[in-house]
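Single-letter residue listing:
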Amino acid sequence: MLRQYLILFRTFWLGSLWSSAYIARPVLEKNSYFPFHGIDVLHTSVAIGALCGLLMLIMTLLKRAFNWRQLPQQLMVIMLLMSLMYFALMPWWKLQMMLLHALSALGLVWVLLAPANVIFSVAETRDQKAIKGAED
């Protein structure tokens, strides 16, 4: 059950990043709304991503399914920190755009590294091995 929630939160996080950066921003730039109104859309999408990342981190830490040595988990923590750093760069919206594109690229790497499982839990694999052993 944890895996489905984590995949759902990752979908919200990366979907909001990609849709705001590569769909909403160009449309708003074309209509000359971007620096004034479009930046609010980007702030909201990064805030949603930071909230999803924080929920993912809390859920995995509570279930003891987090392993600091695995690359997908490290990418999740790095993306969470970058999302929080985005708000520290408030006066410089061009730097925020660079950080947003870096977040989107890291999200793509994260999806390509772990498409089916967001968090690889040692306990879950142990349970799966026990189930397979019982079936044999």
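Check the entry above for the structure.
Residues numbered from 1 in each chain as written. Predicted model: local features only at pLDDT ≥ 70, side-chain atom pairs only at ≥ 80, totals over all residues. Heavy atoms only, no water.

**Looking at the overall build of the protein chain**
So, point 1. What the protein chain contains, in helices and strands, is 5 helices and 0 strands.
So, point 2. Counting across all 136 residues of the protein chain, residues that qualify as buried make up 38%.
So, point 3. Within the protein chain, counting contacts between residues at least 6 apart in sequence, those at least 24 apart form 75% of the total.
So, point 4. Counting only carbon and sulfur atoms, one obtains 69% of the accessible surface of the protein chain, whose full area is about 8,300 Å². (Helix = DSSP H or I, 4+ residues; strand = E, 2+ residues; numbered from the N terminus. Buried < 20%, exposed > 50% of the residue type's maximum accessible area, 1.4 Å probe, protein only. Contact = heavy atoms within 4.5 Å. Areas by Shrake-Rupley, 256 points an atom, 1.4 Å probe, with all protein chains shown as cover.)

**Remarks on the packing of helix 1 (residues 2–30) against helix 4 (residues 93–113)**
So, point 1. Two elements in contact, helix 1 and helix 4, have axes separated by 10 Å at closest approach and are oriented at 135°. Looking at the two axes, helix 1 sits oblique to helix 4. As helix 1 runs across helix 4, the sense of the crossing is left-handed. Across from Arg10, Trp13, Leu14, Leu17, Trp18, Ala21, Tyr22 and Arg25 in helix 1, the residues of helix 4 making contact are Met97, Leu100, His101, Leu103, Ser104, Gly107, Leu108, Trp110 and Val111. (Axes fitted to C-alpha atoms, helices over the stretch in contact; angles between N-to-C directions. Parallel < 35°, antiparallel > 145°, perpendicular 65-115°, else oblique. Left-handed = near helix turned anticlockwise from the far one by under 90°.)

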